[in-house]
Amino acid sequence: MLKFRLCNRLKVARAERNLSQEHLGSLAGVTRQTISSIETGQYNPSTLLSLLLAQRLEKRVEELFYLEKEKP
């Protein structure tokens, strides 16, 4: 079975809007540490948080999050 991991473009989208991790976290109701953990791939956000981040960044969820096949 193929294995995939969830990747994201959150840092790029945040930079395009000139938002700090702190400000985006505030807009989404989470901490700066949560945003940092998502950006570095240490934490996979819930569907609700993913949708909320997309809304706050005026992006589609698919523009922020994508699957990447893991290397064997």
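Remember, it's a predicted structure, so these values are computed and weren't measured experimentally.

Colleague: Account for helix α3 (residues 32-39), naming residues and giving values.
Modeller: Turning to α3, its buried residues are Ile 35, Ile 38 and Glu 39. Down the axis of α3, the smallest arc covering the buried residues is 100°, so these residues share one side. Where α3 is buried, its residues touch β1 (4-8), α1 (10-16), α2 (21-28), α4 (47-56) and β2 (65-69). A positive phi of about 80° marks Gly 41, the residue just after α3.

Colleague: Quick rundown of the packing of α2 against α3? Include the residues and the values.
Modeller: In contact at an axis separation of 7 Å, α2 and α3 are set at 105° when each is read in the N-to-C sense. One way to sum up the angle between α2 and α3 is to call them roughly perpendicular. Residue-level inspection shows Gln 21, Glu 22, Leu 24 and Gly 25 of α2 in contact with α3, the latter providing Arg 32, Ile 35, Ser 36 and Glu 39. Here the residues of the contact of α2 with α3 sort into two nonpolar, three polar and three charged.

Colleague: Could you give me a rundown of the pattern of salt bridges, with the residues and numbers involved?
Modeller: If you walk through the whole model with that rule in mind, you get five salt bridges. For Arg 14, the salt bridge is made with Glu 39, and the minimal N-O distance between the two is 2.6 Å. Placement of the pair is Arg 14 in helix α1 and Glu 39 in helix α3, with a sequence separation of 25 residues. Glu 62 is the salt-bridge partner of Arg 60, the closest N and O atoms lying 3.8 Å from each other. The pair formed by Arg 60 and Glu 62 is uniform in burial state, with each residue classed as exposed.

Reading the values: the criteria
Residues numbered from 1 in each chain as written. Predicted model: local features only at pLDDT ≥ 70, side-chain atom pairs only at ≥ 80, totals over all residues. Heavy atoms only, no water. Buried < 20%, exposed > 50% of the residue type's maximum accessible area, 1.4 Å probe, protein only. Helix = DSSP H or I, 4+ residues; strand = E, 2+ residues; numbered from the N terminus. Arc of directions from axis to C-beta. Contact = heavy atoms within 4.5 Å. Axes fitted to C-alpha atoms, helices over the stretch in contact; angles between N-to-C directions. Parallel < 35°, antiparallel > 145°, perpendicular 65-115°, else oblique. Nonpolar A, V, L, I, M, F, W, Y, C, P; charged D, E, K, R; others polar. Salt bridge = Lys/Arg side-chain N within 4 Å of Asp/Glu carboxyl O.

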